[in-house]
Amino acid sequence: MKGIMTALITPFNEDGTLNEKGLREVVRQNIDVMKVDGLYIGGSTGESFLMDETMRKELLKIVKDEAGDAVTLIGQIGSLNIEEAIRLGNEAKELGYDALSAITPYYYKFSFEEIKSYYQRITEETNHPMIVYSIPVLTGTQMTIDDYGELLAIPNVIGVKYSDTNLSRLTKLKELYPDKVFFGGADDMLLQFIISGADGAIGSTYSLLGKQAKALFDAIQNSDLKKAQSLQLEMNQVIAKMENIGVYQTLKHVLKEQGVDAGFMKFPFKELTDDEKRQATEIVDILASG
Ligand code: HMN
């Protein structure tokens with residue numbers, strides 16, 4: 001449970017159904033070409049909050065079928081509906097996923113006690129390793145060091161996908177809980193996450209930048225900070241462009257240009273305009289020249 005993991009995009013057909021062939025290609029691209037250490041399925045990048053339960057189960061099944069035991073697989077099964085989250089968790093466990101992950105319950109302003117009981121119930125009823133998915137910028141849920149500590153004390157909670165930008169808190173958390181795993185979230189800060197104590201990172205852009213991310217991770221392990229900085233700067237050129245146009249749409253466009261059938265977005269996400277596609281194609285050239 002460490003290293004570089006891709007938050008997988010989900011290829012859809014134009015009518016919003018799952019594009020199985022494309023999904024298999026995206027899995028292969030990450031395992032065979034990017035050689036990442038793991039895949040995070042059904043997260044924000046995977047558009048899973050736009051899917052129904054049947055489709056989310058199908059997604060988990062196809063990815064496992066394609067990936068086998070080649071890399072670590074983490075299934076994001078969080079849902080506002082607790083019964084659905086538990087059913088998805090049990091499905092992922094039965095399929096052989098290494099761990100589950102669940103977004104902190106969002107939309108309503110849940111108290112910390114409510115959030116904690118959500119993880120208690122999922123872990124009790126699935127009895128499988130759980131990585132808390134904390135992404136305050138999207139959920140609005142900010143947790144303190146003590147809050148994280150209480151979640152990490154729940155049996156089966158093995159770590160946190162820390163998509164938070166408070167890095168001093170991350171350093172403290174790793175000091176307090178050295179045996180738990182922490183994954184960084186913002187890909188343009190991979191370097192900062194790792195030197196702040198993260199065991200790795202889970203990010204969307206690694207479908208394209210997985211090799212650079214892995215080299216950066218290794219450079220830090222080898223104490224080569226200069227090399228790590230230069231790799232981060234190189235990656236950030238691409239990431240900034242993606243953020244400008246739309247990260248998930250750009251990922252799909254660039255992958256398609258590279259011959260990987262990354263499919264369409266799920267409604268109500270919009271596809272790129274022709275002008276945006278032209279901008280996204282610049283990334284194809286940058287990657288090809290790198
Ligand atoms: C997921 O759940 O799909 C990812 O783990 C989320 C991941 O942290 C990404 N964050 C979001 O998409 C909000 C990043 O990889 C992000 O896409 C990247 O840093 C570019 O902004």
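Residues numbered from 1 in each chain as written. Predicted model: local features only at pLDDT ≥ 70, side-chain atom pairs only at ≥ 80, totals over all residues. Heavy atoms only, no water.

> Give me the overall build of the protein: which residues, what numbers.
Looking only at helices and strands, the protein has 12 helices and eight strands in total. Dimensions of the protein along its principal axes, counting C-alpha atoms only, are 50 × 45 × 35 Å. Here the protein holds 290 residues, and 56% of them are scored as buried. Taking all contacts inside the protein whose residues are at least 6 apart in sequence as the whole, residues at least 24 apart take part in 72%. If you sum the accessible surface of the protein, you get close to 12400 Å²; carbon and sulfur atoms cover 50% of it. (Helix = DSSP H or I, 4+ residues; strand = E, 2+ residues; numbered from the N terminus. Buried < 20%, exposed > 50% of the residue type's maximum accessible area, 1.4 Å probe, protein only. Contact = heavy atoms within 4.5 Å. Areas by Shrake-Rupley, 256 points an atom, 1.4 Å probe, with all protein chains shown as cover.)

> Any chance you could break down the confidence of the model for the protein for me, citing the residues and the numbers?
When pLDDT is low, close inspection of the predicted coordinates is not appropriate. Summarising the model, the protein shows a mean pLDDT of 97, and 100% of its residues fall at 70 or more. At the level of chain-chain contacts, confidence expressed as ipTM amounts to 0.98, with global pTM at 0.97. (pLDDT = per-residue confidence, 0-100.)

> Provide a residue-level description of the nonpolar core, including the pertinent values.
Core analysis: the biggest nonpolar cluster contains 79 residues, and Leu39, Ile41, Val63, Ile77, Tyr119, Ile122 and Leu190 have the highest contact counts within it. The element best represented in this core is helix 9 (residues 206-221), accounting for eight residues. Excluding its chain neighbours within four sequence positions, the residues that come into contact with Ile77 are Arg56, Leu60, Ala85, Leu88, Gly89, Ala92, Leu100, Ser101, Ala102, Ile122 and Met130. Among the nonpolar cores identified, the runner-up in size contains 12 residues, and Ala7, Tyr40, Ile74 and Tyr133 belong to it. (Core = buried A, V, L, I, M, F, W, Y, C linked by side-chain atoms within 4.5 Å.)

> Go over helix 4 (residues 112-126) with me, naming the residues and quoting the values.
An α-helical segment advances 3.6 residues per turn. Residues three or four places apart therefore align on the same side. Relative to the 21 Å expected for 15 residues at 1.5 Å per residue, helix 4 spans 21 Å between its end C-alpha atoms, a close match to the ideal helical length. Along helix 4, the residues classified as buried are Phe112, Ile115, Lys116, Tyr118, Tyr119, Ile122, Thr123 and Thr126. For helix 4, the angular spread of the buried residues around the axis is 150°, confining them to a single face. Those residues of helix 4 that are buried lie in contact with helix 3 (82-95), strand 4 (99-103), strand 5 (130-134), helix 6 (145-152) and strand 6 (157-162). Positive backbone phi, approximately 50°, marks Asn127, located one or two places after helix 4. (Expected span 1.5 Å × (residues − 1). Arc of directions from axis to C-beta.)

> Before we move on, could you go through the environment of Ser44 and cite the residues and values that matter?
When you line up the elements, Ser44 lands in the loop between strand 2 (38-41) and helix 2 (53-67). A relative accessible area of 15% places Ser44 in the buried class. Separated by 160 residues in the primary sequence, Ser44 and Ser204 have C-alpha atoms spaced 8.9 Å apart. If near-sequence neighbours (up to four positions away) are discounted, Ser44 is found in contact with Phe49, Tyr133, Leu138 and Tyr248.

> Explain the environment of Val260 to me, and be specific about the residues and the numbers.
Within the secondary structure, Val260 is located in the loop between helix 11 (247-257) and helix 12 (274-289). With a relative accessible area of 8%, Val260 lands in the buried category. With near-sequence residues (within four places) excluded, Val260 lies in contact with Glu25, Val26, Gln29 and Leu255.

> Run through the side chain of Asp199, naming residues and quoting values.
Tracing the backbone through its elements, the reader meets Asp199 in the loop between helix 8 (190-195) and strand 8 (200-203). Residue Asp199 is classed as buried on the basis of its relative accessible area, which comes to 17%. Here Lys174 takes part through its side chain, which lies 3.0 Å from a polar atom of the side chain of Asp199. Discounting chain neighbours no more than four positions away, the residues touching Asp199 are Met1, Lys2, Gly3, Lys174, Lys180, Val181, Phe182 and Phe217. (Polar contact = N/O pair within 3.5 Å; in protein donor to acceptor, adjacent residues only side chain to side chain.)

> Give me the packing of helix 1 (residues 20-34) against helix 2: which residues, what numbers.
Packing of helix 1 against helix 2 leaves a shortest axis separation of 9 Å and a crossing angle of 45°. With respect to helix 2, the axis of helix 1 lies oblique. Between helix 1 and helix 2 lies a crossing of right-handed hand. When helix 1 is examined against helix 2, the residues Glu20, Leu23, Arg24, Val27, Arg28 and Ile31 are found in contact with a partner set consisting of Leu59, Ile62, Val63, Asp65, Glu66 and Ala67. Class assignment for the residues of the contact of helix 1 with helix 2 results in seven nonpolar, no polar and five charged. (Axes fitted to C-alpha atoms, helices over the stretch in contact; angles between N-to-C directions. Parallel < 35°, antiparallel > 145°, perpendicular 65-115°, else oblique. Left-handed = near helix turned anticlockwise from the far one by under 90°. Nonpolar A, V, L, I, M, F, W, Y, C, P; charged D, E, K, R; others polar.)

> Before we move on, could you go through the site of the ligand and cite the residues and values that matter?
Near the ligand you find 19 residues, and of these Thr45, Lys161, Ser204, Glu243 and Tyr248 are the closest. Lys161 has a polar side-chain atom sitting 2.9 Å from an oxygen atom of the ligand. Protein burial of the ligand: of its 490 Å² of free accessible surface, 89% is covered by the chains. Comparing atom positions with the cavity grids shows the ligand to sit within the largest pocket. Counting residues per element, the ones that place at least two in the shell around the ligand are strand 8 and helix 11. (Near = heavy atom within 4 Å. 1 Å grid on protein atoms, 1.4 Å probe; cavity = no way out; pocket = protein on both sides within 12 Å on 5 of 7 lines; lining within 4 Å. Sits in = over half its atoms within 2 Å of the grid points.)

> Which residues make up unusual backbone geometry, and what values do they have?
Going from Phe267 to Pro268, the amide bond is cis rather than trans, its omega being 10°. Assignment of secondary structure puts Pro268 in the loop between helix 11 and helix 12. Even without being glycine, Glu47 reaches a positive phi, approximately 60°. Here Glu47 is to be found in the loop between strand 2 and helix 2. One non-glycine residue, Tyr107, adopts positive backbone phi at about 70°.

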